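An overview of the molecular structure
In case you want the letters, here they are:
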Amino acid sequence: MSRRKAQIKNEEKLYGHLESNLTALKILRLGGVKNVAQFAEHLRELRLRIPCDLGILPAGESPLFSTVSRGGIKIGNRFAINPMEGWDGAADGAPTENTLRRWRRFGASGAKLIWGGEAVAVSHAGRANPHQLVIAEHTRSGLAQLRSELVAEHRRAAGSDAGLLVGLQLTHSGRYCKPNSQTRGEPKILYRHPILDRRLGLGADFPLLTDGEIGGIIEDFCRAGRIAAELGFDFVDVKHCHGYLGHEFLGAHTREGKYGGSFENRTRFLRDVVQGIRAVAPGLKIGVRVSAFDTVPFRPDSALSANGTSGTQLGPGIPEPYADLIPYRWGFGVNASDPTQPDLAEPIQFLSLLESLNIVLVNLTAGSPYYNPHIQRPALYPPSDGYAPPEDPLVGVARQMDAARELKRRFPNLLFVGTAYSYMQDFLPHVAQAALREGWVDSVGLGRMVLTYPEIFLDAAQGRAVQHKRICRTFSDCTTAPRNGLPSGCYPLDSHYKTSPAGMQLAALKAKR
Ligand SMILES: Cc1cc2nc3c(=O)[nH]c(=O)nc-3n(C[C@H](O)[C@H](O)[C@H](O)COP(=O)(O)O)c2cc1C
Ligand code: SF4
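Residues numbered from 1 in each chain as written. Chains lettered and ligands numbered in written order. Predicted model: local features only at pLDDT ≥ 70, side-chain atom pairs only at ≥ 80, totals over all residues. Heavy atoms only, no water.

**Let's talk about the site of ligand 2**
Arg448, Leu451, Thr452, Cys472, Arg473, Thr474, Phe475, Ser476, Asp477, Cys478, Cys490 and Pro492 make up every residue found near ligand 2. Put simply, the parts of the chain that give the shell around ligand 2 at least two residues each are α15 (448–452) and α17 (477–483). With three residues, the single largest contributor to the shell around ligand 2 is α15. Considered class by class, the residues forming the shell around ligand 2 number six nonpolar, three polar and three charged. (Near = heavy atom within 4 Å. Helix = DSSP H or I, 4+ residues; strand = E, 2+ residues; numbered from the N terminus. Nonpolar A, V, L, I, M, F, W, Y, C, P; charged D, E, K, R; others polar.)

**Brief notes about the pattern of salt bridges**
Under the definition given, this model contains 35 salt bridges. Among the ionic pairs, Arg437 bridges to Glu438, the shortest N-O distance being 3.7 Å. A relative accessible area of 47% means that Arg437 is categorised as partly exposed. Given the relative accessible area of 46%, Glu438 is considered partly exposed. For Asp477, the salt bridge is made with Lys510, and the minimal N-O distance between the two is 2.9 Å. Linking Asp477 in helix α17 with Lys510 in helix α19 (residues 501–512), this pair joins segments that are 33 residues apart in sequence. Exposure class is identical for Asp477 and Lys510. Each is buried. (Salt bridge = Lys/Arg side-chain N within 4 Å of Asp/Glu carboxyl O. Buried < 20%, exposed > 50% of the residue type's maximum accessible area, 1.4 Å probe, protein only.)

**Observations regarding helix α13 (residues 393–410)**
In this model α13 runs 26 Å from its N-terminal to its C-terminal C-alpha over 18 residues, within 8% of the 26 Å that 1.5 Å per residue would give. Among the residues making up α13, those that are buried are Pro393, Leu394, Gly396, Val397, Ala398, Gln400, Met401, Ala403, Ala404, Glu406, Leu407 and Lys408. Regarding α13, its N-cap is Asp392, as a side-chain oxygen of that residue lies 2.9 Å from the backbone nitrogen of Leu394 further along. (Expected span 1.5 Å × (residues − 1). Polar contact = N/O pair within 3.5 Å; in protein donor to acceptor, adjacent residues only side chain to side chain.)

**Looking at the side chain of Glu153**
Mapped onto the secondary structure, Glu153 falls in helix α5 (residues 140–158). Polar contacts involving the side chain of Glu153 include one to the side chain of Arg156, which spans 2.6 Å. Setting aside its immediate chain neighbours within four residues, Glu153 contacts Arg104, Gly107 and Ala108. (Contact = heavy atoms within 4.5 Å.)

**Details of unusual backbone geometry**
Phi is mostly negative for residues that are not glycine, and the peptide bonds are mostly trans. Of note, the amide linkage connecting Ile326 to Pro327 takes the cis form, showing an omega dihedral of -5°. Position of Pro327 relative to the elements: it lies in the loop between β12 (317–319) and α11 (345–356). Within the chain, Ala420 stands out as a residue other than glycine whose phi angle is a positive 80°. Assignment of secondary structure puts Ala420 in the loop between β14 (415–418) and α14 (428–437). Take Ala420: its relative accessible area is 9%, and that puts it in the buried class. Even without being a glycine, Ser476 presents a positive backbone phi close to 70°. Checked against the element boundaries, Ser476 lands in the loop between α16 (456–461) and α17. The buried category is assigned to Ser476, whose relative accessible area is 6%.

**Points about the packing of aromatic side chains**
In the structure shown here, the tally under the stated rule is 16 aromatic pairs. Centroid distance Tyr176 to Tyr244: 6.2 Å. Interplanar angle 85°. Geometry classified as edge-to-face. Placement of Tyr176 in the loop between β6 (165–171) and α6 (196–200) and of Tyr244 in the loop between β7 (235–238) and α8 (245–250) is noted, with a sequence separation of 68 residues between them. The buried category is assigned to Tyr176, whose relative accessible area is 9%. Note on Tyr244: relative accessible area 6%, which makes it buried. Seen in terms of ring centroids, Phe332 and Phe350 are 5.9 Å apart; in terms of plane orientation they differ by 75°. Their pairing is edge-to-face. Of this pair, Phe332 sits in the loop between β12 and α11 while Phe350 sits in helix α11; the two residues are 18 residues apart in sequence, bridging distant segments of the chain. According to the relative accessible area criterion, Phe350 is buried, its value standing at 1%. In this structure an aromatic cluster arises from ring pairing among Phe221, Phe249, Tyr259 and Phe269. One Lys or Arg, Arg175, reaches over the ring of Tyr191 and ends 5.9 Å from the middle of that ring. The ring of Trp440 has Arg405 lying over it, and the distance from NZ or CZ to the ring centre is 5.2 Å. (Phe/Tyr/Trp six-rings, centres within 6.5 Å; stacked < 30°, edge-to-face > 60°. Lys NZ or Arg CZ within 6 Å of the ring centre and 35° of its normal.)

**Comments concerning the layout of surface pockets**
When its volume is computed, the second largest pocket comes out at roughly 560 Å³. Surrounding the second largest pocket, 25 residues form its lining, Tyr176, Leu200, Tyr370, Asp385 and Arg483 being those nearest its centre. Every element with two or more residues in the lining of the second largest pocket is listed here: α6, β9 (298–300) and α17. When the residues that make up the lining of the second largest pocket are grouped by side-chain class, the tally is 15 nonpolar, four polar and six charged. (1 Å grid on protein atoms, 1.4 Å probe; cavity = no way out; pocket = protein on both sides within 12 Å on 5 of 7 lines; lining within 4 Å. Points joined across faces, edges and corners; volume = space filled by probe spheres on them.)

**As for the site of ligand 1**
If you check the shell around ligand 1, you find 22 residues, and the closest are Pro83, Arg289, Ser422, Gly447 and Arg448. At 2.7 Å, a side-chain N or O of Arg289 approaches an oxygen atom of ligand 1. Relative to its unbound accessible surface of 600 Å², ligand 1 loses 97% to contact with the protein. Its atoms largely coinciding with the cavity grid, ligand 1 occupies the largest cavity. Among the residues forming the shell around ligand 1, the class breakdown is nine nonpolar, eight polar and five charged. (Areas by Shrake-Rupley, 256 points an atom, 1.4 Å probe, with all protein chains shown as cover. Sits in = over half its atoms within 2 Å of the grid points.)

**So, the pairing of β7**
Neither face of β7 is exposed, since Phe235 and Asp237 on one face and Val236 and Val238 on the opposite face are all buried. Where β6 lies against β7, four bridges are found, and the strand directions are parallel. Across the sheet, residue Leu170 finds its bridge partner in β7, namely Val238. In this structure, β7 lies alongside strand β8 (residues 285–291), joined through three bridges in parallel fashion. When the sheet's bridge partners are listed, Phe235 is paired in β8 with Lys285. (Pairing = 2+ DSSP bridges.)

Set out below in structure tokens:
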């Protein structure tokens, strides 16, 4: 049996309960696609506009390894590491050896833009899980070590740290705060959401954050910005994506008072944080990662979910009922008349605002891992709290790439990082090269692929064969593990996790399902 066939057989053994859904949707497993020509043909058959080069250029000629300059910022190549947390910080929010290992691997990728490393909470109360990093006086030395070990590893892999830009992603988890226990949410919400409140069990009397409490959170962001600057980070990302607090502000149409309603009010948080950080850390650059569009929350179709001998079969994702919620007023970048569709009008206004604030670093993402993961992180295999793919994941990749292309066309002076490329698997270098060559984005952001195979672009551009066995197959264990209280990591493909006690626990949990 060929290696590829054996790998597919192994996938079927591990994730066989999804077979019926993959067959129903005719989703082609990219692990079995023999070469880039066949992949390009597949894209044509699906009528997806995803650019794809048939050959890989050597580093000296490759757009992936060319520099990019915008607004006084110069970056040494065109690929970035997108933020990815590991649920492996210490109880006090300091990094652990697992965190340091992940950041060293970010450095080993050779990427000259490290977008935040991972979400770092600006306060204990704002943590998304009890193991999230926190930026505070007591975590200074740990955060400084993350940066210095990443830079050292980058120098080793890339030869020099010229043109390297390292940022820290600052976050408050808002609706998804879980600072003290993996099983107990402590949400901080800005408005009542008819679907998400129900999901989180929040009654009509659940308190909203007051304007005064918001003022305190803005101060936390500013203090965090000052510490990040003192630790030598080049920029901070004021996170506005994935359903966390910054993103919730953008959709706070129904909130009363100075942080809700009009576009001006819904962006007051951003403007206040930017002004405050610039006052205390004038040399620090600021970036924004934003969910550029969204849809209503999705759930598994219960009519197509089942318990069988091979475990629970999650039904394909379907939107929560929304007929009674039109015009839809609980999101950002959502079409109010048909909230399953994006509407880029306000995101365009938001980018104009960033430009007027002299913010050029923009990282585009979409949706949320909590309520519509197929939009945010296209995958063949869902995490334990997800649903089977409602569409070919390539459609999800094309949706994010297309939005990025349109926004970049409109804002040539901003420096855009694109997202959701990992699903391209073996053909990621071909698609990334083409997207850059055709000017769809300024930098290609890598998420999950970095957890399995950080050196993918270095191997491709230096003429080494791309290592098929290390390619992320979007198994989603890096999300399933933390949903079950375990550290995140690539359990199927990274032996550091596979053979760890957490790996044994995860295997046992999956066997029970
Ligand atoms: C394990 C894991 C952790 C993540 N943590 C963060 C995070 O801390 N901040 C963030 O903005 N996005 C986070 N993301 C989203 C990724 O940055 C990225 O948007 C997503 O994985 C899609 O890109 P990809 O297709 O390259 O994986 C995370 C994703 C994964 C899989
Ligand atoms: S667990 Fe590994 S293979 Fe699966 S999605 Fe995460 S990084 Fe990719």
